[in-house]
Amino acid sequence: MSDIFQEVDNELRRDRLSTFWDQNATILISACVAVILVVALSVGYQSYQQSQNEAASVRYNEIVSQLVDLTPEERLERLASFAEAESGGYQVLAQFRLAAERLAQNDAAGAALAYETIAANGQLPAAIRDFANVQAASVLLETVAPADIESRLQKILTSDHGLRGHAREILSLSYILADDPLQARDILLVHSVDPELTPPMRLRAKILLDEATLKLKSAPKMSTPGDAMSGMDTAPMDAVPK
C-alpha cells in the first residue's frame with residue numbers, strides 16, 4: 001500500500017517539475033546565457049585593454065628612444081603628436097614628458113600649458129591632476145604674481161593635501177622673488193613647524209626662511225615724519241634775525 005502512495009508522490013513531483021520547467025525554461029536559459037556573455041565580454045575586454053596597453057607601451061618606448069637623435073623642435077612635435085593620438089596612461093606620460101621638454105627649452109609658458117592640460121583632464125585621478133597643477137605653478141614662479149600662484153594652489157593650501165608642503169614652498173618662493181619677504185616669512189613660519197614635513201622639506205624650509213629673514217634685515221627702513229624732522233638742519237638761535 002505504501003508503495004502505491006510513494007509512486008503517486010513521485011508522479012506528482014515529476015508533474016510539478018515538468019510544469020515549472022515548461023513555465024520558466026526560457027527565463028532560466030536566458031539568464032545562464034546572459035551570465036556566460038557577461039563573463040566572456042569582461043574577459044575579452046580585459047584582454048583587449050591589456051593588448052592595447054602593451055601596444056601603447058611599445059609605441060611610447062620607441063618614441064622615447066628616438067628623442068635623443070631629434071632636434072628640439074622635432075622632439076616637441078613627436079611628443080605632441082603621440083599625446084594627441086593616444087589615450088590613457090601613456091598619453092599622460094607623453095604630456096608630462098612634453099612639459100619637461102618645453103621647460104628644458106626655456107619655454108616656461110608652454111610647459112605650464114602642458115601641465116594645465118593634464119590638470120584639466122577630469123578623467124584622471126585627483127592626485128595626478130593636483131600634481132600637474134603644482135608643477136604648472138612652479139614653472140610660472142618668475143612670470144606671474146604671487147596672488148596668481150596662490151589662486152592656483154588654493155585647494156591644496158587649505159586642506160590636508162599630501163602636496164601642501166610643496167605648495168607652501170612654491171608660494172613662499174614666489175613672494176621672495178617678488179620682493180615681499182614678510183609674506184614669505186609668515187608662510188614659512190607656519191610651514192616649518194608642520195609635523196608631517198620630511199627631512200629634505202624641513203631643510204628647504206630653513207633655507208627659504210633664512211633667505212626671507214635676510215631680505216627683511218637688508219630692506220631699507222621706512223622713514224617717518226618724525227625722523228625727517230630730526231634730520232633737518234636747525235639754525236642756531238643767535239642766527240635768527242631779531
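Conventions adopted
- Residues numbered from 1 in each chain as written.
- Predicted model: local features only at pLDDT ≥ 70, side-chain atom pairs only at ≥ 80, totals over all residues.
- Heavy atoms only, no water.
- Axes fitted to C-alpha atoms, helices over the stretch in contact; angles between N-to-C directions.
- Helix = DSSP H or I, 4+ residues; strand = E, 2+ residues; numbered from the N terminus.
- Parallel < 35°, antiparallel > 145°, perpendicular 65-115°, else oblique.
- Left-handed = near helix turned anticlockwise from the far one by under 90°.
- Contact = heavy atoms within 4.5 Å.
- Nonpolar A, V, L, I, M, F, W, Y, C, P; charged D, E, K, R; others polar.
- Buried < 20%, exposed > 50% of the residue type's maximum accessible area, 1.4 Å probe, protein only.
- Expected span 1.5 Å × (residues − 1).

Further remarks concern the packing of helix α8 (residues 164-177) against helix α10 (residues 199-218). Between α8 and α10, the least distance of the axes is 11 Å, while the angle of their chain directions is 20°. Taken together, the axis directions place α8 and α10 in an arrangement best described as roughly parallel. Considering how the two elements wind past one another, α8 and α10 form a crossing that is left-handed. Contacts between α8 and α10 involve G165, H166, E169, S172, L173 and I176 from the former and M201, R204, L208, E211, A212 and K215 from the latter. Its residues assigned to classes, the contact of α8 with α10 shows 5 nonpolar, 3 polar and 4 charged.

What follows deals with the packing of α8 against helix α9 (residues 181-191). Two numbers describe how α8 lies on α9: the axes approach to 7 Å, and their chain directions differ by 160°. Taken as axis vectors, α8 and α9 run roughly antiparallel relative to one another. The two elements α8 and α9 cross, and the hand of that crossing is left-handed. Between α8 and α9, the contacting residues are G165, R168, E169, L171, S172, Y175 and I176 on the first element and P181, Q183, A184, I187, L188, V190 and H191 on the second.

Attention shifts here to unusual backbone geometry. Residue N106 is not a glycine yet carries a positive backbone phi of 60°. Inspection of the secondary structure assignment puts N106 in the loop between α3 (89-104) and α4 (108-119). Using a relative accessible area of 74% as the deciding quantity, one classes N106 as exposed. Positive phi outside glycine occurs at D179, with the angle close to 60°. Within the secondary structure, D179 sits in the loop between α8 and α9. In this structure D179 comes out as exposed when scored by relative accessible area, which is 60%.

This part takes up α3. The terminal C-alpha atoms of α3 lie 23 Å apart, and with 16 residues this matches the ideal 22 Å at 1.5 Å per residue to within 8%. Within α3, the full set of buried residues consists of Q91, V92, A94, Q95, F96, L98, A99 and E101. Note on α3: the residue one or two positions beyond its end, N106, has a positive phi of about 60°.

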